[in-house]
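The lines below spell out each chain.
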Amino acid sequence: MITRIAALTALILAAACAKQTAPAVEPVPDETAVRITAQGEVIGFQTQDGAHAWKGLPFAAPPVGDLRWRAPRPAADWQGARVATQSAERCAQMSNRLNEGEGIEPGVLLGSEDCLYLDIYAPPDAKDRALPVMVWIHGGANVWGRGSSYDGSRLALNEDVIVVPVQYRVGPFGFFSHPALRADAIEPEDAAANFALLDLIAALGWVRENIAAFGGDPERVTIFGESAGGHNVAMLLASPLADGLFHRAILQSGSFDSISREAAESADSAEPNPAMKISAMLGADSGGALRAVPAPAVIEAYKTVNAYAVEMPTVIEDGLSLPGYPMREAFSSTDTFNAVPIITGTNKDELKFFHIGSPALTKKFLGVFLTSRDNEFYNAMSDYPSRIWRIRSVDEPAAMMAAAGHDYVYAYRFDWDEGGRFLFTDLAHLLGAAHAIEIPFVFNRFVLLGDLDRIMFGKKTAASREELSRAMGAYWAGFARDGAPGGDGLAPWPAWSSAGGTLMRFDSEADGGVSTMVNTDSMSALIADLETDPRLNAEERCLVVEAIRVWLDGLASEIGASLGCAD
């Protein structure tokens, strides 16, 4: 009987999750969307939402051949009108399970090294209006992702802004520190190690030079990004090469961490794939030889035991694109970072995004329905690492900047956890306010989880989601417009002060709505809570410590010592 039920429910679940996408409509060039850039004329199109869009615009020359592992060079001019109706290929990367929604198996080489392009979304009446510009930096652990996943039409239309998703080199092509590359540098910036950062700087330079033609104000440019994109926003804030290229910054679940040149290069370092080890595997020890290695061989050298992800050092203290000391320290003085107005925030249940697929924490009831093995333990395993993410990315850097006299730091926590349910699978519990769930709210487009979107973002919450989404978009756009998050009809969002932290909490009206909360967190408070958490026994506390070790080994050892857990 159970077998028959499992088979039946499998069919029901498959039907519920089946893709319901309409056939793709080929964009038609629109003569009202002709613009002139420094490289030549472009013609865009009107999106289904009614925005104007231009896709696949090159902001730099292809970083291929002798330009691999060099600073980006200017894009070439073109003759005639460039039809800008299709996004460019993603940057070269290895596929993972998040690509399965595209019908792509994990472990496949995707994209191209020729990938330094951006897309632009604007209201149809934007021309000559000098609107705020919001440059979006995608996430993906700096090894994966693409700009074309983010349609900025609704954000542009709802908030009267220009939205610009950009691409940058990822994986080993974006972050690679090797003495041979420094030895044959042509331009000074070629000796850097954060080539992804140099790409983003080049994109911002292109925006400054060209965005007025699309109705954007080059003096009101906001950079915003999520996860690795937020980490890259922090890089731009800390980079002396990015000075003056942007005027506000938003970090969504970002990071302020970095590693030394030595750790990125030395075969004896704790990093999983230091450059000297990789170059030995590739049989290449000169700049020319390294650049001649085919892209698949480069990525193959970085494959980890799971056979499709790439592990590599990111955000390197190269002393050129970034300071030669830990990036986090740059934010202790307004003299050592680009001190523009900043928003930084995290989601309440960040780690549930990573835990939902863990066989140690979840199981399939009747072989079909995903459930947690132990609800309380599942929540605890998420709570503590999620709090560490917040402490490291919000409380500590915000307090540091406030103490340095930077009065324009704003913080938030995203709490929406009303995902839908399908029979025994409860996404409100399994995902909650997980990593990346805020992105659909910012872009006002509830597309994120592929087949699960129909369950996660169901009809029952459509109205309340729309209300929260419009509020978040208004706060983000108000910040882009004036340097302070807010606007007509929105609750005031106080800045973080040296006297203590205030966060804006984003949730539906049913769970408290959009409101401020005074709730400064710290490592000492986290340890005290972990020591007395009634949900956990001694063994489970130590398992939480091991989960923390994945993110911060040193901190896990400190916590483990206080709890009597073996290191």
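Residues numbered from 1 in each chain as written. Predicted model: local features only at pLDDT ≥ 70, side-chain atom pairs only at ≥ 80, totals over all residues. Heavy atoms only, no water.

Remarks on the state of the cysteines
- This model, assessed by the stated rule, comprises two disulfides.
- Here Cys91 pairs with Cys115 through a disulfide, and the sulfurs are 2.0 Å apart. When the S-S torsion is 90°, as for the bridge of Cys91 with Cys115, the disulfide is right-handed. With Cys91 in the loop between strand 4 (81-83) and strand 5 (93-94) and Cys115 in the loop between strand 6 (109-110) and strand 7 (117-122), this pair connects stretches of sequence that are 24 residues apart. Exposure class is identical for Cys91 and Cys115. Each is buried.
- Across a sulfur-sulfur distance of 2.0 Å, Cys542 and Cys565 are joined as a disulfide pair. Taking the torsion about the S-S bond as the criterion, the Cys542 to Cys565 disulfide, at about -90°, is left-handed. Linking Cys542 in helix 17 (residues 538-549) with Cys565 in the segment after helix 18 (553-563), this pair joins segments that are 23 residues apart in sequence.
- The class of Cys565 is buried, set by a relative accessible area of 11%. (Disulfide = S-S within 2.5 Å. Helix = DSSP H or I, 4+ residues; strand = E, 2+ residues; numbered from the N terminus. Buried < 20%, exposed > 50% of the residue type's maximum accessible area, 1.4 Å probe, protein only.)

Some remarks on the nonpolar core
- Judged by nonpolar contacts, the single largest core of 97 residues is most densely connected at Ile120, Val164, Leu236 and Phe246.
- Looking at which element gives the most residues to this core, the answer is helix 4 (residues 195-210), with 10 residues.
- In this view, Val164 contacts Leu118, Asp119, Ile120, Val133, Met134, Val135, Trp136, Val207 and Ile211; residues no more than four positions away in its chain are not counted.
- With 67 residues, the next largest nonpolar core counts Ile250, Tyr378, Phe441 and Ala547 among its residues. (Core = buried A, V, L, I, M, F, W, Y, C linked by side-chain atoms within 4.5 Å. Contact = heavy atoms within 4.5 Å.)

Some points on the packing of aromatic side chains
- In this structure the tally under the stated criterion is 30 aromatic pairs.
- Ring geometry for Phe365 and Phe424: centres 4.8 Å apart, planes at 70°, overall edge-to-face. Here Phe424 lies in the loop between strand 18 (421-422) and strand 19 (425-426) and Phe365 lies in strand 15 (residues 362-365), a separation of 59 residues in the sequence.
- The class of Phe424 is partly exposed, set by a relative accessible area of 42%.
- Aromatic pair Tyr475 and Phe506: ring centres 5.6 Å apart, planes at 75°, arrangement edge-to-face. One end of the pair, Tyr475, is in helix 15 (residues 462-482); the other, Phe506, is in strand 20 (residues 502-506), with 31 residues separating them in the sequence.
- Accessibility expressed as a relative area gives 1% for Tyr475, which makes it buried.
- On the basis of relative accessibility, which here comes to 0%, the residue Phe506 falls in the buried class.
- Site record: aromatic cluster; members linked through ring pairs are Tyr410, Tyr412, Tyr475, Trp476, Phe479, Trp493 and Phe506.
- Of note, Arg68 hangs over the ring of Trp69, and the distance from its end group to the ring centre comes to 5.3 Å.
- Over the aromatic face of Phe446 sits the side chain of Arg465, whose NZ or CZ is 4.5 Å from the ring centroid. (Phe/Tyr/Trp six-rings, centres within 6.5 Å; stacked < 30°, edge-to-face > 60°. Lys NZ or Arg CZ within 6 Å of the ring centre and 35° of its normal.)

Points about the layout of surface pockets
- If you add up the space inside the second largest pocket, you get close to 230 Å³.
- Surrounding the second largest pocket, 10 residues form its lining, Gly420, Arg421, Arg454, Ile455 and Gly458 being those nearest its centre.
- Elements that contribute at least two residues to the lining of the second largest pocket include exactly strand 18 and helix 14 (453-456).
- Classifying every residue of the lining of the second largest pocket gives three nonpolar, three polar and four charged. (1 Å grid on protein atoms, 1.4 Å probe; cavity = no way out; pocket = protein on both sides within 12 Å on 5 of 7 lines; lining within 4 Å. Points joined across faces, edges and corners; volume = space filled by probe spheres on them. Nonpolar A, V, L, I, M, F, W, Y, C, P; charged D, E, K, R; others polar.)

A look at the pattern of salt bridges
- One pass over the structure, following the stated rule, counts 36 salt bridges.
- One salt bridge in this structure joins Asp190 and Arg70, with 3.7 Å as the shortest N-O distance. Of this pair, Asp190 sits in the loop between helix 3 (179-183) and helix 4 while Arg70 sits in the loop between strand 3 (52-58) and strand 4, placing them 120 residues apart in sequence.
- The salt bridge involving Arg549 is made with Glu546; its shortest N-O contact spans 3.2 Å. Pair noted here: Arg549 and Glu546 are both in helix 17, with a separation of three residues, about one helical turn. (Salt bridge = Lys/Arg side-chain N within 4 Å of Asp/Glu carboxyl O.)

Some thoughts on the packing of helix 16 (residues 523-532) against helix 17
- As a packed pair, helix 16 and helix 17 sit with axes 9 Å apart at the nearest point and diverge in direction by 150°. In terms of orientation, helix 16 lies roughly antiparallel with respect to helix 17. Across from Leu530, Glu531 and Thr532 in helix 16, the residues of helix 17 making contact are Arg541, Val544 and Val545.
- Of the residues that constitute the contact of helix 16 with helix 17, the class distribution is three nonpolar, one polar and two charged. (Axes fitted to C-alpha atoms, helices over the stretch in contact; angles between N-to-C directions. Parallel < 35°, antiparallel > 145°, perpendicular 65-115°, else oblique.)

With respect to a nonpolar patch on the surface
- Among the surface-exposed residues, Phe354, Val550 and Trp551 lie close enough to one another that they form a single nonpolar patch of about 330 Å² accessible area.
- Within the fold, Phe354 resides in helix 10 (residues 352-355). (Patch = residues over 30% accessible without salt bridge, like charges linked within 9 Å, V, L, I, M, F, W, Y side chains within 5 Å. Areas by Shrake-Rupley, 256 points an atom, 1.4 Å probe, with all protein chains shown as cover.)

Re the packing of helix 11 (residues 375-403) against helix 16
- Look at helix 11 against helix 16: their axes get within 10 Å of each other, and the N-to-C directions meet at 165°. When the axis of helix 11 is compared with that of helix 16, the two are roughly antiparallel. As for how helix 11 packs across helix 16, the hand of that crossing is right-handed. Counting all contacts with helix 11, which are made through Tyr384, Arg387, Ile388, Ile391, Arg392 and Glu396, the residues of helix 16 involved are Met523, Ala525, Leu526, Asp529 and Leu530.
- For the contact of helix 11 with helix 16, the class distribution of residues is seven nonpolar, no polar and four charged. (Left-handed = near helix turned anticlockwise from the far one by under 90°.)

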